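# Chains, contacts and geometry: an overview
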Amino acid sequence: MSGEVLNHLGICVVTGALFALLGRQLRMPSIVAYLLAGVVLGPVTGLVHFSPEDQLISKVGIVLLLFIVGLELSFDKIRGIGRVAVLAGLGQIVFTALGGLGLGRLLGFGWTEALFLAAALTFSSTVVVVKLLQEQNALDALHGRIAVGVLLMQDIVAVLMLTILTGLDPTAAFSWSAIARGVIGAFGGTLLVVAVVLAATRWVLPRLLRWATGAPETMFILSLSWCFLIVLLAQVLGVSVELGAFFAGLGLAQFPFNADLRRRVHPLMNFCIALFFVSLGVEMTFAGGWGAAGRIAALALFVLVAKAALLWLVIARLGFSRRTSFRAGITLAQISEFSFILVTMGFTAGFYDRGLLSLTALVGLVTITGSAYLARYGDPLFRWAQRWRLLAWLPDRPEEPEEATGAKRQGHVIVVGMNTLGRELVQRLHARGERVLAVDTDPRKFADLPGESMTGSVEYTSVLRAAGLEHARLLVSALKIEEVNDLLAYRASCHGVPCAINVTDLNAVDHLLAVNTTYLIVPKVDGVKGQQRELEKRGLLPAP
């Protein structure tokens, strides 16, 4: 890697971090902060010009992002949203394209420019939407799953459009046969990738994953190797590498460790995604674009309002509540990075001048920023719209239980480490009627245990967040790892949650007392029954 590339990366990382810190103070979504950082570095000051080496890291971030999206979607979840994803996705594509074409003609564009513009307005950004849903912990929510399903339909159509555009040459005779060969090749390659993933999920991966179970680092490397192996296969077959990463994640989503794997990939993915948005801002071209402020405003409003309203109507007509429809619609109210690729291809092929490219970049900046704020304040906006009866034209369905309750763990007991002591504690607490969550890095240790379980390393704050530590009544660690126990005691103290920590080395007592550990478990002295009585006496557990 050259020194110039390292300099560019360093400048982008530092500037992105500074804007993210500033954005946090201003309650600005991180996506907007990164985009503004890129705009300052690129179009405003010209400090950075991204090379292919710079773009490679952000490309890796997109691959990891789609890999995590696949990990989020087990077959059970997909089965529940398949119909709405297909109908809402295809319906939105058709009507948005027609509306965009009509709007383009009204704004004075020629037929060719209007066609490319309509296609650019049709697609939503997978990167933006998934990042927004992750920030809101809503990837698993109903409106989040619907949004991801619609995006998948858009991606399939996008691959088809890119294949057709590749076969178009304004200087050569139009050839249906060349286009047909390209389309058949692209879809044939996609089907082959899916077949390989399904076969490996059925016959190969279970054996490999059983061998790696119990070694989280090995599992992590093995899973990433699987992801990039499928990405390489997709590239060889001429299929979108993003779709390849998605299918790789979807294959692993059927196994019990997928949640832990998502948490391990997140830090690396977040860095690459931050660089992607900074680079997107750097590469935006605004030359001559601001002069068309009226056109920019009309196109941005079409995406932010009309496109979202169309999704509200389609999703609500398919039987979902107004809130679910509203949240899904505003989450998808932006144009995609694919839009920039599409318009750039048309410009490179000579269909129009650079003006449309600049216009699309500005519409993208406005809609990505606008949708980020709309998604962030989705619930207050929905309540405001309901109060003023702005959504009265939508069918009034009962709110889905998942959306209404937002069920979270509360008042439960977390037991970490499923060794002999941990398993005994889980069984006894469950027998007393306690709601117990067992946590361990090895899913095999949950066999025959009652209650809930979670695979993951408690060294990650995301694992404790997912376990609901801040809402727990008690944290118990049966681990024999002194450093992890110290960390657990500290984090429990930060949330004001009582904790009972296993002590195997009496030299560690001072550290644990320094972070206000409520109770020290000494198995050789107390025994499990004695520990239970002591916890009851201290009021950490109710008397039977």
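Attention here is on the structure that accompanies the text. (Residues numbered from 1 in each chain as written. Predicted model: local features only at pLDDT ≥ 70, side-chain atom pairs only at ≥ 80, totals over all residues. Heavy atoms only, no water.)

### Topic: the pairing of strand 1 (residues 413-416)
- Residues Val413 and Val415 line one face of strand 1 and the alternating positions Ile414 and Val416 line the opposite face, and both faces are buried.
- Pairing of strand 1 with strand 2 (residues 436-440) involves 4 bridges; the strand directions are parallel. Bridged to valine 416 within strand 2 is valine 439.
- For the segment spanning strand 1, helix 18 (residues 420-431) and strand 2, crossover handedness is right-handed.
- Where strand 1 and strand 4 (residues 474-477) come together, 4 bridges link them in parallel fashion. Looking at strand 4, one finds that valine 416 is bridged to serine 477. (Buried < 20%, exposed > 50% of the residue type's maximum accessible area, 1.4 Å probe, protein only. Helix = DSSP H or I, 4+ residues; strand = E, 2+ residues; numbered from the N terminus. Pairing = 2+ DSSP bridges. Right-handed = clockwise from strand over helix to strand, strands pointing away.)

### Some thoughts on the side chain of serine 457
- With respect to the element layout, serine 457 can be found in the loop between strand 3 (452-455) and helix 19 (461-466).
- Owing to a relative accessible area of 7%, serine 457 belongs among the buried residues under this scheme.
- Residues within four places of serine 457 in sequence aside, it is in contact with Asp260, Arg264, Thr441 and Val463. (Contact = heavy atoms within 4.5 Å.)

### So, helix 18
- Its 12 residues place the ends of helix 18 17 Å apart at the C-alpha level, agreeing with the 16 Å of an ideal helix rising 1.5 Å per residue.
- Where helix 18 is concerned, the buried positions are Leu421, Gly422, Leu425, Val426 and Leu429. The buried residues of helix 18 all sit within an arc of 130° when viewed along its axis, so they share a single face. Opposite the buried face of helix 18, by more than 90 degrees, sit the exposed residues Thr420 and Ala431.
- At the N-terminal end of helix 18, a side-chain oxygen is found 3.3 Å from the backbone nitrogen of leucine 421, two or three residues along, and the residue is asparagine 419.
- With its phi angle positive at about 90°, glycine 433 sits one or two positions after the end of helix 18. (Expected span 1.5 Å × (residues − 1). Arc of directions from axis to C-beta. Polar contact = N/O pair within 3.5 Å; in protein donor to acceptor, adjacent residues only side chain to side chain.)

### Some details on a nonpolar patch on the surface
- Nonpolar side chains collect at one region of the surface, where Val14, Leu18 and Leu21 lie side by side and expose about 300 Å² of accessible area between them.
- Positionally, leucine 18 belongs in helix 1 (residues 3-25). (Patch = residues over 30% accessible without salt bridge, like charges linked within 9 Å, V, L, I, M, F, W, Y side chains within 5 Å. Areas by Shrake-Rupley, 256 points an atom, 1.4 Å probe, with all protein chains shown as cover. Salt bridge = Lys/Arg side-chain N within 4 Å of Asp/Glu carboxyl O.)

### Notes on the sheet that holds strand 4
- Ordered by their spatial adjacency, 6 strands build an open sheet running 3-2-1-4-5-6, and the pairing between neighbours is parallel. The outermost strands of the open sheet, each flanked by one partner alone, are strand 3 and strand 6 (519-521). Averaged over neighbouring strand pairs, the angle between their axes works out to 20° when direction is ignored.
- Taken strand by strand, helix 20 (residues 482-494) contacts strand 1, strand 4 and strand 5 (499-502), and its axis lies near 175° from that of strand 5. (Axes fitted to C-alpha atoms, helices over the stretch in contact; angles between N-to-C directions.)

### Focus on the pattern of salt bridges
- Applying the stated criterion to the full structure yields 6 salt bridges.
- Between arginine 327 and aspartate 379 there is a salt bridge, with the nearest N and O atoms lying 3.1 Å from each other. Here the residue arginine 327 occupies a position in helix 13 (residues 322-331), and aspartate 379 occupies one in helix 16 (residues 378-387), the gap between them amounting to 52 residues.
- For aspartate 379, a relative accessible area of 24% puts it in the partly exposed group.
- Salt-bridge contacts for arginine 444 lead to aspartate 442; the nearest nitrogen and oxygen are separated by 3.1 Å.
- Arginine 444 sits in the exposed class, given a relative accessible area of 51%.
- Taken together, the salt bridges that share partners define one network made up of Arg323, Arg327 and Asp379.

### Focus on unusual backbone geometry
- Here the phi dihedral of arginine 389 falls at roughly 55°; this positive angle occurs in a residue that is not glycine.
- Here arginine 389 is to be found in the loop between helix 16 and helix 17 (401-405).
- Assessed through its relative accessible area of 63%, arginine 389 is described here as exposed.
- Even without being a glycine, aspartate 448 presents a positive backbone phi close to 70°.
- In this fold, aspartate 448 is placed in the loop between strand 2 and strand 3.
- Taking relative accessible area as the criterion, aspartate 448 reaches 75% and is therefore assigned exposed.

### Quick look at the packing of helix 5 (residues 111-122) against helix 15 (residues 354-376)
- Put simply, helix 5 and helix 15 touch, their axes get as near as 12 Å, and they point 20° apart. Accordingly, the angle class assigned to the pair helix 5 and helix 15 is roughly parallel. In the crossing of helix 5 with helix 15, the sense of the turn from one axis to the other is right-handed. Contact with helix 5, carried on its side by Glu113, Leu117, Ala120 and Leu121, involves Leu356, Thr360 and Val363 of helix 15 and no other residues of that element.
- For the contact of helix 5 with helix 15, the class distribution of residues is 5 nonpolar, 1 polar and 1 charged. (Parallel < 35°, antiparallel > 145°, perpendicular 65-115°, else oblique. Left-handed = near helix turned anticlockwise from the far one by under 90°. Nonpolar A, V, L, I, M, F, W, Y, C, P; charged D, E, K, R; others polar.)

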